[in-house]
Amino acid sequence: MLIYQGSPVREQFDIADDKVYLRAANICPCANSVAAAIDDFVALWRREGDACWGLAENAFEEGKALFAKLIDADAGEIATIENTSMGLSIAASLIAPQPGSNVVVDELTHQSNVYPWLLRPEVEVRYAHAESGRVALSEFEALIDDNTAAVDVCHVTMGHGFRHDLAGLAELAHEHAAYLVVDAAQSAGVVPIDVAAAGVDFLSCPTFKWLYGPLGAGFLFVRKDLLKLGPPPLVGWMSARRPAGFDIHSMELHDDARRLQRGVHNGAGLVAALAGLRIVDELGPERIWEHTRVLGRQLMVGLEELGLAVLTPKNDNERAGIVTVSVKEAADFNGALTKLGILAGQYLPGQIRMDVALFHNEEDIERTLATFSKVAASRGTA
Ligand SMILES: Cc1ncc(COP(=O)(O)O)c(C=O)c1O
């Protein structure tokens, strides 16, 4: 059992009382401590107006420090961003691929990992082939060449929940002087990440999934020596070393990732993000992953025993919190699950996704499997 602040972490999530909420990879549920942090911010703002800035500024700095710790980076390599897509776009602009170059993505990726490159018609986008819910390193190897500017992946893919081997990809990319760009939306907070050891160059992540924070806040990691790869694509007064200097004639930018900051960020959002990060930090990514790994295995084995085809790779190194199964008439099937208190997700055709998280327990998995069995039996499908 995972303990937070002396009590089972599950007690932080009211939603776990009567439902099995399996949609954390879509939007995490709000923990009591996160709600309390937002309430405190709003109360101070109501009572004292701009005194709320102190809370926001602290959350801003502490949040970056905790995220840096989570991925084994330096706080000076982290900028806050509005969303993952913004971070990926900033990375693409810093890399600024030359005409005639190529970028390698894969067939299981998210749109936001492709659009910043498709925006550049002079750059070829190559898609590494996926087979049985995974993309082999050899598929990337076959596409990366000396004209490759970047390899861009979702660390964990949002459909099948396939976890890429970041160190293997970084090695392939770096052999050809290309950069590795990572979307950690479905991995940070579920599996341990060490950007330095793996050789990741850029990593973008939102708070509203496995970091238990709010919508519309996130973090961008840029490896220290790449911060000045090009001019920041977006700047503002908070990119400057002395934001309160009000210098309108010259611009002296921060040397660290603050140069990528633009202006004031979402105060209530970052206060909530910090509260969510504190949960992940206290539990620690190793313990969270062990908890998730065991429950995820229980779910996958049980689904297979029911005769369902699990699409998520079986190997623990190739998965994280997402477990996806193939189901006929998936939208209707999922609707039936929802009515019985099993809140799974239906996003891609023919698939139902279940996101196993730190607030789940064995009984949740048993209840999910029993409900799957009941719905399958009532529909005559499996
Ligand atoms: C892998 C992945 N990347 C990116 C996103 C979008 O993130 P954002 O809205 O923060 O840009 C999502 C889901 O919303 C996702 O699952």
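Treat the numbers as computed from the prediction; the structure is a model and nothing was measured.

Rules behind the numbers
Position numbers for residues start from 1 in each chain and track the written sequence from start to end. In keeping with the predicted nature of the model, local features appear solely for residues at pLDDT of at least 70, side-chain atom pairs appear and are counted solely at 80 or more, and the whole-chain, interface and lining totals rest on all residues. Residues enter a nonpolar core if they are buried, belong to Ala, Val, Leu, Ile, Met, Phe, Trp, Tyr or Cys, and are joined to the set through C-beta atoms within 7 Å. Three exposure classes are used, based on other C-beta atoms lying within 10 Å of a residue's own C-beta, which is placed from the backbone: buried for 20 or more, exposed for 12 or fewer, and partly exposed in between. The secondary structure listing takes helices from DSSP runs of H or I that are at least 4 residues long and strands from runs of E that are at least 2 residues long, numbered from the N terminus. Domain delimitation in this document rests on an assignment produced automatically or drawn from a domain database. Contact between two residues is assigned when their C-beta atoms, built from the backbone, lie within 7 Å. In this analysis, strands are considered paired if DSSP registers two or more bridges between them. Axis definition: a line fitted to C-alpha atoms, limited for helices to the stretch in contact. Angles are taken between N-to-C directions and run from 0 to 180 degrees. Think of it as three bins: nonpolar holds Ala, Val, Leu, Ile, Met, Phe, Trp, Tyr, Cys and Pro, charged holds Asp, Glu, Lys and Arg, and polar takes everything else, Gly as well. Here the expected length of a helix is defined as 1.5 Å per residue gap, with one fewer gap than residues. Each C-beta atom gives one direction from the helix axis, and the arc is the one those directions make. Handedness of a crossover is defined as follows: with both strands directed away from the viewer, a clockwise route from the first strand across the helix to the second makes it right-handed. Throughout this description, a residue near a molecule or strand is one whose C-beta atom, derived from the backbone, lies within 6 Å of it. By convention, the crossing between two helices is left-handed when the near helix turns anticlockwise from the far helix through less than a right angle, and right-handed when the turn is clockwise.

Peer 1: So what about the nonpolar core? Which residues, and what values?
Peer 2: Of all hydrophobic cores here, the largest spans 122 residues; its most connected members are Val-151, Phe-221 and Val-271. Examining the composition of this core, we find that ten residues originate from one element, helix H8 (residues 267-283), more than from any other. A domain-level breakdown of this core finds at least three residues from each of domain 1 (3-30 + 284-379) and domain 2 (35-282). With near-sequence residues (within four places) excluded, Val-151 lies in contact with Val-104, Phe-140, Ile-144, Leu-169, Leu-172, Ala-173, Ala-178 and Leu-180.

Peer 1: So what's going on with the sheet that holds strand S6 (residues 124-128)? Which residues, and what values?
Peer 2: Reading across from one edge, S4-S10-S9-S8-S7-S5-S6 is the order of the seven strands in this open sheet, with mixed pairing throughout. Of all strands in the sheet, those bounded by a partner on one side alone are strand S4 (78-81) and S6. Averaged over all pairs of adjacent strands, the angle between their axes in this sheet comes to 20 degrees, without regard to strand direction. Across the face of the sheet, helix H3 (residues 84-95) comes into contact with S4, strand S7 (148-154), strand S8 (179-183), strand S9 (202-206) and strand S10 (218-222) while running at roughly 165 degrees to S9.

Peer 1: Outline the domain arrangement of the chain, supporting the account with residue identities and numerical values.
Peer 2: Domain annotation of the chain identifies domain 1 (3-30 + 284-379) and domain 2 (35-282). Inter-centroid distance (C-alpha atoms) of domain 1 to domain 2 is 27 Å. At the junction of the two partners, domain 1 supplies 26 residues and domain 2 supplies 25 residues. At the level of elements, helix H9 (285-305) and strand S12 (322-326) are the ones that each hand at least two residues to the side of domain 1 that touches domain 2. Ranked by the residues each element gives to the side of domain 1 that touches domain 2, the list is headed by H9, at five residues. Grouping the constituent residues of the side of domain 1 that touches domain 2 by class yields 16 nonpolar, seven polar and three charged.

Peer 1: Any details on the sheet that holds strand S14 (residues 351-355)? Residues and values, ideally.
Peer 2: Sheet architecture is open: three strands sit in the order S11-S12-S14, paired in antiparallel fashion. Only two strands of the sheet have a single neighbouring strand rather than two, namely strand S11 (309-310) and S14. Alignment of S11 against S12, held across two bridges, turns out to be antiparallel. Bridged to Val-310 within S12 is Val-325.

Peer 1: I'd love a proper account of H9, names of residues and values included.
Peer 2: An ideal rise of 1.5 Å per residue puts 30 Å on 21 residues; H9 measures up with 30 Å between its terminal C-alpha atoms. Among the residues of H9, Pro-285, Ile-288, Trp-289, His-291, Thr-292, Leu-295, Gly-296, Leu-299, Met-300 and Leu-303 are the ones counted as buried. Taken down its axis, H9 places every buried residue within 160 degrees of arc, on the same side. In H9, the exposed positions angled more than 90 degrees off the buried face are occupied by Glu-286, Glu-290 and Glu-305. Close packing links the buried residues of H9 with helix H2 (52-70), H8, S11, S12, S14 and helix H11 (362-379). Gly-307 sits one or two residues past H9 and shows a positive phi near 90 degrees.

Peer 1: Any details on the pairing of S8? Residues and values, ideally.
Peer 2: For S8, a buried count of five out of five residues is recorded, marking the element as mostly surrounded by other parts of the structure. Side chains of S8 alternate between two faces, with Tyr-179, Val-181 and Asp-183 and Leu-180 and Val-182 buried alike. Relative to S8, S7 runs parallel, the two being bridged by five bridges. Within S8, the position partnered with Cys-154 by the bridge is Asp-183. In this fold, S7 hands off to helix H6 (residues 166-175), which returns the chain to S8; that crossover is right-handed. Across three bridges, S8 lies against S9 in parallel orientation. By the bridge assignment for S9, Val-182 is matched with Leu-203.

Peer 1: Talk me through H8; I want residue IDs and the actual numbers.
Peer 2: Here H8 is 17 residues long and its end C-alpha atoms lie 25 Å apart, about the 24 Å a rise of 1.5 Å per residue gives. Counting buried positions over the 17 residues of H8 gives 13, a clear majority of the element. Looking one or two residues beyond H8, the residue adopting positive phi is Gly-284, at roughly 85 degrees.

Peer 1: Help me get a handle on the site of the ligand, residues and values and all.
Peer 2: Around the ligand, the neighbouring residues are Asn-83, Thr-84, Ser-85, His-110, Ser-112, Cys-154, Met-158, Asp-183, Ala-185, Gln-186, Pro-206 and Gly-218. The residue inventory of the shell around the ligand, partitioned by class, reads four nonpolar, seven polar and one charged.

Peer 1: Got a sec to walk through the packing of H2 against H8? Specific residues and values, please.
Peer 2: Contact pair H2 / H8: the axes reach a minimum separation of 8 Å and the direction vectors enclose 40 degrees. Here H2 runs over H8; the crossing is left-handed. Facing Cys-52, Leu-55, Ala-56, Ala-59, Phe-60, Glu-62, Gly-63, Leu-66, Phe-67, Lys-69 and Leu-70 of H2, the residues of H8 in contact are Gly-267, Leu-270, Val-271, Ala-273, Leu-274, Leu-277, Val-280 and Asp-281. Here the residues of the contact of H2 with H8 are counted per class, giving 14 nonpolar, two polar and three charged.

Peer 1: Would you mind going over the environment of Gly-380 in detail, with residue names and values included?
Peer 2: When you line up the elements, Gly-380 lands in the segment after H11. On the basis of neighbour count, Gly-380 is assigned to the exposed category, with 7 C-beta atoms found within 10 Å. The spatial distance from the C-alpha of Gly-380 to the C-alpha of Glu-122 is 51 Å, given a sequence separation of 258 residues.

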